[in-house]
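Secondary and tertiary structure notes
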Amino acid sequence: MDKKLYERVRLLFGAVLVLSIATLGVAALAGGGAAVWIRGLIVVAIAILLLTAARRTYDGSRTAYRRMRVMSTVAPAAIVVIVALPHDGFPVWMKVEQAVVGLLLAVVAVAVSRRTVRRAYSRRGE
């Protein structure tokens, strides 16, 4: 991954982390239920893992690249389900936050799935 792409990915994952921490702050003020806290903590943990994977990918790790690519592709699909379910324990404000997180991750998924990036992390550079 070139430096420009790495910086963009790091910025997007950093935004996910900041947004997720802010969500926990809102949950503390608004009295979020267990589902809000669990989901909020999970997303914070995922953001930290993604930032770590991005750094390791930049350093050349094929495994970290695959992990980052899979997580940034699968997470938005899971978020669509969370946002779409009418009675799932998540307040509207959190569904909005999750939609923004999903969009940020989808942008990363598209960026790191480009042929040139995939080729750089293929087994044979193909």
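The following paragraphs examine the structure supplied in this document. No experiment lies behind these values; they were computed from the predicted model shown. (Residues numbered from 1 in each chain as written. Predicted model: local features only at pLDDT ≥ 70, side-chain atom pairs only at ≥ 80, totals over all residues. Heavy atoms only, no water.)

Within the chain, the regular secondary structure consists of five helices and zero strands. Written out in order from the N terminus, the α and β elements of the chain read α-α-α-α-α. Whereas a compact globule of 126 residues would reach a radius of gyration of roughly 14 Å, the chain reaches 15 Å, a difference of no more than 12%. Dimensions along the principal axes, computed over C-alpha positions, put the chain at roughly 50 × 25 × 20 Å. In the chain, the share of contacts with a sequence separation of at least 24, taken over all contacts with a separation of at least 6, comes to 71%. Element-wise, carbon and sulfur atoms account for 68% of the exposed surface of the chain, whose accessible area totals about 7,100 Å². Side chains of the chain give 18 positive and 6 negative charges; the mean places of these two sets differ by 6 Å. (Helix = DSSP H or I, 4+ residues; strand = E, 2+ residues; numbered from the N terminus. Rg over C-alpha atoms; globule rule 2.2 N^0.38 Å. Contact = heavy atoms within 4.5 Å. Areas by Shrake-Rupley, 256 points an atom, 1.4 Å probe, with all protein chains shown as cover. Lys, Arg positive; Asp, Glu negative; His and termini not counted. Charge placed at Lys NZ, Arg CZ, Asp CG, Glu CD.)

The next point concerns the pattern of salt bridges. Applying the stated criterion across every chain yields a total of three salt bridges. Among the salt bridges present, the one from lysine 3 reaches glutamate 7, with a minimum N-O distance of 3.6 Å. With lysine 3 and glutamate 7 both in helix 1 (residues 3-30), this residue pair falls four residues apart, about one helical turn. One salt bridge in this structure joins arginine 55 and aspartate 59, with 3.3 Å as the shortest N-O distance. One network of salt bridges, with partners in common, ties together Lys3, Glu7 and Arg10. (Salt bridge = Lys/Arg side-chain N within 4 Å of Asp/Glu carboxyl O.)

This part is about helix 2 (residues 34-58). Its 25 residues give helix 2 an end-to-end C-alpha distance of 36 Å, which sits within 8% of 36 Å, the value for a rise of 1.5 Å per residue. Every buried residue belonging to helix 2 is among Val36, Arg39, Gly40, Val43, Val44, Ala47, Leu50, Ala53, Ala54 and Thr57, and all of these are buried. Packed against the buried residues of helix 2 are helix 1, helix 3 (62-84) and helix 4 (92-112). Of the residues trailing helix 2, glycine 60 is marked for its positive phi of about 110°. (Expected span 1.5 Å × (residues − 1). Buried < 20%, exposed > 50% of the residue type's maximum accessible area, 1.4 Å probe, protein only.)

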